[in-house]
Structure formats: structure tokens, C-alpha cells
Amino acid sequence: MIALLLMKQIAVLFLTMLCGFILVKSNILGADSSKTLSKMCIYIIMPCVVINSFQIEYSKSIRNGFLLAIFAAVIIHLVLLMITWFLGSIFKLTVVEKTSLIYSNAGNLVIPLVMAVLGEEWVIYANAFLCVQLLLLWTHGQSLMEQRMQFNWKKILSNVNLIAVFIGVILFFAQIKLPEIVGTTMSNISATLGPISMMMLGMTMVQIEWRKVFLHSRIYIITLLKMIILPAVILLILKYSPLSSLVQNGQTILLISLIAVITPSATTVVQLAQLYDQEPSYASSLNVVTTIVCIVTMPLMVMLYLR
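Calculation rules
Residues numbered from 1 in each chain as written. Predicted model: local features only at pLDDT ≥ 70, side-chain atom pairs only at ≥ 80, totals over all residues. Heavy atoms only, no water. Salt bridge = Lys/Arg side-chain N within 4 Å of Asp/Glu carboxyl O. Helix = DSSP H or I, 4+ residues; strand = E, 2+ residues; numbered from the N terminus. Buried < 20%, exposed > 50% of the residue type's maximum accessible area, 1.4 Å probe, protein only. Polar contact = N/O pair within 3.5 Å; in protein donor to acceptor, adjacent residues only side chain to side chain. Core = buried A, V, L, I, M, F, W, Y, C linked by side-chain atoms within 4.5 Å. Contact = heavy atoms within 4.5 Å. pLDDT = per-residue confidence, 0-100. Expected span 1.5 Å × (residues − 1). Axes fitted to C-alpha atoms, helices over the stretch in contact; angles between N-to-C directions. Parallel < 35°, antiparallel > 145°, perpendicular 65-115°, else oblique. Left-handed = near helix turned anticlockwise from the far one by under 90°. Nonpolar A, V, L, I, M, F, W, Y, C, P; charged D, E, K, R; others polar. Phe/Tyr/Trp six-rings, centres within 6.5 Å; stacked < 30°, edge-to-face > 60°.

Asks: Mind showing me how you'd approach the pattern of salt bridges here?
Replies: Two side chains bearing opposite charge may form a pair once their charged atoms approach each other closely. Under the criterion given, the structure shown has 1 salt bridge. Residues Arg218 and Glu97 are paired through a salt bridge, measuring 2.8 Å at the closest nitrogen-oxygen approach. With a gap of 121 residues between them, Arg218 in helix H12 (residues 217-240) and Glu97 in helix H4 (residues 95-102) connect regions that are remote in the sequence. Residue Arg218 is classed as partly exposed on the basis of its relative accessible area of 25%.

This is how it looks when you write it as C-alpha cells:
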């Protein structure tokens, strides 16, 4: 049932993405307008979603579930890092390929999917995964792209979404409720994340040279690894480890972690590739192909996990 709901929701998001594509293709909007939507998502919508998700009644079960989600996210990323390191020597992976395999587009996809499929009260567990990924992305991921082991701590600590997580955690554990007007405003803004983020992706796809995308043979290898092989390994770990028995609703909490992993390659990888001149067009192509493939692979992985 959840796999079917997920498939329907992904289809809805893809149709929304098509709307963004049509807007640019018909010259109603310019392709550069996607940058405006991107900034809206990063600096306004995502922080509202994160903080709003922590505005729930404190309970030991939710606290323990959040800690489980953090622990699962750490294990998942350690496994991905080790497997990618091992595959790096076999397939001669480039920095773009390594970061595309490790980091998923959880920020743009997992929260709207969790909200639509499971409900708003489950988003707090998606934030646990995002917290771990953001920390790693702006340390390991950035240093990998920059090709030097130097972390930009200022950029990490000033990341608006990490700040939102810290604020949300403080409000949750201190049981501080936002004023009704502020809370309602944040809730309304949060509901726009899915449509706006997918329209933004659709708008960026207009500039892609599709012929080059599908003629690039390594894209198929990386897509297979990213969307089938690595998710299958994580699925087996989450499904057959005793982690789900540690807390109430453990299976569903780990399902959210799995959904975060099986999303396409992170759009942030494309931005980092542009910043450090590391094959940005190739990074964009990987993002596009994995996004197209996910409409089949994501429901399949969820179905196998719940079976």
C-alpha cells in the first residue's frame, strides 16, 4: 500500500516537474528563474519545513525514534563511504561520480514524499537523515570536489538548514511552541516544498543536451550503482538488522531512512561541480537520469523492504 502511494506521489511530482519544463520551453519564464526558486527553497521553505516538523508534542517514543534515525543515518553514510571507496578503484570513479553515489537528493524529495505518504508528524525522522547528510556533504563532499582535505567550518555552521535543525531540536526538547500565527505561516509555506522544488528541477532540464546524456556510457553504470546496487545493500541492512526492534514504530522510521537513500543524486553535487569546475554538465546529467529512473526504483525498493 505504501509503495503504491509512493509511486502515485512520485508521479504527481514528475507532472509538477513537467509544468516547470513547459514554462521555460514555451518562453513564459527564463531558465534563470529556476535559481530564484532554488533560493526560495534553500533559504525560506526548507527551514520552515524543518522547524515546523519539530513542533510536535514531546514524548520518549519520538525522542528515541529521532535518535534511532540519527544512528541509522550515520551507519548508512559509513556504509556508502566504504562501498564507494572500494568501487573507486574498480571503476576508476571520478570525484563527481563518488559524490553522486554517496549523497542523495533527500532535501528536495524525501520531505514532500514523507509528508504526502506518511503524514507531517513523520518528517522529524527525515530531518535526522538530512542533519547527518548536510554535515558530511559540506565537509567530506566539499573537500572531495575541491580535491583537498580542508573543511569550510564557517560554511557548515552558517548553513541555514542546519541552523533550522538546531533551532527545531531546541524547541522540541524545551517544548517551546511557536505563536499560532507564526506556526500557521510556517505550515503553509512548508506545504509548497514539493511543487516548487520539482518545478525548479523541470526548469533546469530545458538546458540539458539530452543526446549527450544518453550517449554517455558511464552514466548507465553509475545509475545502476546509485539506484539499484547501493540501495539494495542499505535495504538489506535496515530490513534484517535488529535496529527496527529498538524503538516503537522502528520499521517505519527506518523506512524513512531508506526513502532518503533511494532518492536520486543530490542537486547540491551539481552546484559543487559548477563551483569547483568538476564536470558540471556530467554531474547534471547524472542528476537528471537518476531522477527519471527513480519513478520505478523507489517504489520497488520500498515494496521489497515492506515485503
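The discussion continues.
Asks: What should I look at first to understand the environment of Glu121 in this one?
Replies: Mapped onto the elements, Glu121 comes out in the loop between helix H5 (106-117) and helix H6 (123-146). Take Glu121: its relative accessible area is 45%, and that puts it in the partly exposed class. Separated by 70 residues in the primary sequence, Glu121 and Ala191 place their C-alpha atoms 13 Å from one another. Within polar-contact distance, the side chain of Glu121 engages the side chain of Trp122 at 3.5 Å.

Asks: Explanation requested: unusual backbone geometry in the structure shown.
Replies: As a rule of thumb, non-glycine residues mostly have phi less than zero, and peptide bonds are mostly trans rather than cis. For Asn27, which is not glycine, the phi torsion reads 65 degrees and is therefore positive. In this structure, Asn27 sits in the loop between helix H1 (2-25) and helix H2 (33-53). We classify Asn27 as exposed; its relative accessible area is 68%. Although it is not a glycine, Gln175 sits at a positive phi angle of roughly 55 degrees. Relative to the elements of secondary structure, Gln175 occurs in the loop between helix H8 (160-174) and helix H9 (180-190).

Asks: Explain the nonpolar core to me, please; I cannot follow it from the model alone.
Replies: Generally speaking, a soluble globular protein has its nonpolar side chains buried in company with each other. Counting residues in hydrophobic clusters, the biggest one holds 106 residues, and the most contacted among them are Val110, Ile111, Leu113, Ile124, Tyr125 and Met298. A per-element tally of this core places H6 first, with 14 residues. Setting aside residues up to four positions removed in sequence, Met298 forms contacts with Leu6, Ile10, Leu113, Ile259, Ile262 and Thr263.

Asks: Explain the confidence of the model for the protein chain here, please?
Replies: The predicted coordinates of low-pLDDT regions are not to be read in fine detail. The pLDDT averaged across the protein chain works out to 85; a share of 97% of its residues lies at or above 70. Averaged over each element, pLDDT in the protein chain is lowest for helix H7 (residues 153-157) (69) and highest for H12 (94).

Asks: What's the story with H1 in this structure? I'm lost.
Replies: Since the α-helix packs 3.6 residues into each turn, any two residues three or four apart lie on the same face. Look at H1: 34 Å from first C-alpha to last across 24 residues, which is about the 34 Å you get at 1.5 Å a residue. Within the span of H1, buried status applies to Ala3, Leu6, Ile10, Leu13, Phe14, Thr16, Met17, Gly20 and Val24. Here the buried face of H1 lies against H5, helix H10 (193-204) and helix H15 (280-306). Backbone geometry just downstream of H1 places Asn27 in the positive-phi region, at approximately 65 degrees.

Asks: I would appreciate a short explanation of the packing of H5 against helix H13 (residues 250-261) in the present structure.
Replies: In a pair of packed helices, the angle between the axes and the distance between the axes together describe the arrangement. Between H5 and H13, the shortest axis-to-axis distance is 9 Å and the interhelical angle comes to 140 degrees. The angle between H5 and H13 falls in the class oblique. Taken as a pair, H5 and H13 cross one another with a handedness that is right-handed. Residues Ala106, Val110, Leu113 and Val114 of H5 touch H13, and the partners they reach there are Ile256, Ile259 and Ala260. Of the residues contributing to the contact of H5 with H13, the split by class is 7 nonpolar, no polar and no charged.

Asks: Is there a simple way to think about the packing of aromatic side chains in this case?
Replies: Inspection of every chain in the model, using the stated rule, returns 4 aromatic pairs. Measuring from centroid to centroid gives 6.4 Å for Phe54 and Phe172, while their planes differ by 55 degrees, and the two rings are tilted. Taken together, the residues span a long stretch of sequence, with Phe54 in the loop between H2 and helix H3 (60-91) and Phe172 in helix H8 at a distance of 118 residues. Comparing Phe54 with Phe172, the two get one shared label, buried. Taking 5.1 Å as the distance between ring centres and 70 degrees as the angle between the ring planes, the aromatic pair formed by Phe172 and Phe173 counts as edge-to-face. Among the aromatic residues, those joined into a cluster by ring pairs are Phe54, Phe66, Phe172 and Phe173.

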